[in-house]
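# Observations on chain architecture
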Amino acid sequence: SLVAALVAHLKGLPLTIVGNGAIWDVKSPFSMMVVAADSPAKTGADLNGKTLSTAALNDLNQLAMRVWIDKTGGDSKTTKWIELPNSAAGAALAEHRVEATSLNEPQLSAAVGTGKVRILAPAYSAIGEHFAFTVYFAQPDWAAKHPDVIKKWVKVTYEAANYTNSHHTETAAMMADITKIPLAIISKMARVNGATTGDPGLIQPAINAAAKYNNISRTFPAKDAYFSG
């Protein structure tokens, strides 16, 4: 969780970011803000005073939804939030126990496929059109003693992402085997792309948003959280 890593950094816990992980890009919309199929909601203003859910309170999904609500005419301070696992959120929407939530694949496709849930918006895009939302980190003392290991590991990770990002069809069977998501589903759903660079700027949009919405105590230059060995 990127937000948890940011909190840990600001609290001085012993971790250092060694690489960027998953990337949000609206061209591969693996996560979407959703509502009941018969919900009249179209903008953030329609969610004022409503109860929404997220898988973990104060997580990135909740942050993204709050930013989207405010950017589309609403006031996220008026919303109420409850914690629901993704596996239960679709049913909660259909039964009108919550007004909106954010679902990731494969739960997203499963919920929309029932016809009881519809996509409202790509909430992550309210934070940024292209940013890293997960990171890899290590214990600083260990990292300082093994910079060559980290360099090689990161190089291989980015090279692998560069291939898989553009070869979803060729890697579908492999991903189905690893994730246990049926091949028929993983072949159709949006897949998360991986970072191909360690640019700290890729997490700056999330840092800025998290600070503005008090998920973290303050903003800071992203590079301060990265391993520099």
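Only a predicted model underlies this, so the values are computations on that prediction, with no experimental measurement involved.

It is worth spelling out the overall build of the chain at this point. Regarding its fold elements, the chain presents 9 helices and 10 strands. The C-alpha radius of gyration of the chain comes to 18 Å, within 12% of the 17 Å expected for a compact globule of 229 residues. Every one of the 229 residues in the chain was classed for burial, and the buried ones make up 46%. In the chain, the proportion of contacts linking residues at least 24 apart, taken out of those at least 6 apart, comes to 78%. In the structure as shown, the chain presents an accessible area of about 11,400 Å², 57% of it carried by carbon and sulfur atoms. In the chain, 21 side chains carry a positive charge and 18 a negative one; their mean positions are 2 Å apart.

Moving on, we come to unusual backbone geometry. Cis rather than trans, the peptide bond between Glu105 and Pro106 has omega equal to 5°. Within the secondary structure, Pro106 is located in the loop between strand E6 (100-104) and helix H4 (107-113). If you check the backbone angles, Asn58 has positive phi at about 70° while not being a glycine. With respect to the element layout, Asn58 can be found in the loop between strand E4 (51-54) and helix H2 (60-71).

Here helix H6 (residues 147-165) is 19 residues long and its end C-alpha atoms lie 27 Å apart, about the 27 Å a rise of 1.5 Å per residue gives. All of the buried residues in H6 are Ile150, Val154, Thr157, Tyr158 and Ala161. Within H6, the buried residues cover an arc of 95° as seen down the axis, which keeps them to one side. Exposed side chains of H6 directed beyond 90 degrees from the buried face belong to Asp148, Lys152, Lys155, Val156 and Asn162.

This brings us to the pairing of E4. Summarising the sheet, E4 and strand E5 (residues 80-83) pair through 4 bridges and their orientation is parallel. The residue bridging Thr54 from the neighbouring strand is Glu83, located in E5. Note on the crossover from E4 through H2 to E5: the handedness is right-handed.

Attention now moves to helix H7 (residues 168-179). Because each turn of an α-helix spans 3.6 residues, side chains separated by three or four positions end up pointing in the same direction. For H7, spanning 12 residues, the distance from its first C-alpha to its last is only 14 Å, which falls clearly below the expected 16 Å at 1.5 Å a residue. Those residues of H7 lying buried are Thr171, Ala172 and Ala176. Looking straight down H7, one finds that the buried residues subtend no more than 155° of arc, so they occupy a single side. Turned more than 90 degrees from where H7 packs its buried face, Glu170, Asp177 and Ile178 sit exposed.

Cut-offs used in this document
- Residues numbered from 1 in each chain as written.
- Predicted model: local features only at pLDDT ≥ 70, side-chain atom pairs only at ≥ 80, totals over all residues.
- Heavy atoms only, no water.
- Helix = DSSP H or I, 4+ residues; strand = E, 2+ residues; numbered from the N terminus.
- Rg over C-alpha atoms; globule rule 2.2 N^0.38 Å.
- Buried < 20%, exposed > 50% of the residue type's maximum accessible area, 1.4 Å probe, protein only.
- Contact = heavy atoms within 4.5 Å.
- Areas by Shrake-Rupley, 256 points an atom, 1.4 Å probe, with all protein chains shown as cover.
- Lys, Arg positive; Asp, Glu negative; His and termini not counted.
- Charge placed at Lys NZ, Arg CZ, Asp CG, Glu CD.
- Expected span 1.5 Å × (residues − 1).
- Arc of directions from axis to C-beta.
- Pairing = 2+ DSSP bridges.
- Right-handed = clockwise from strand over helix to strand, strands pointing away.

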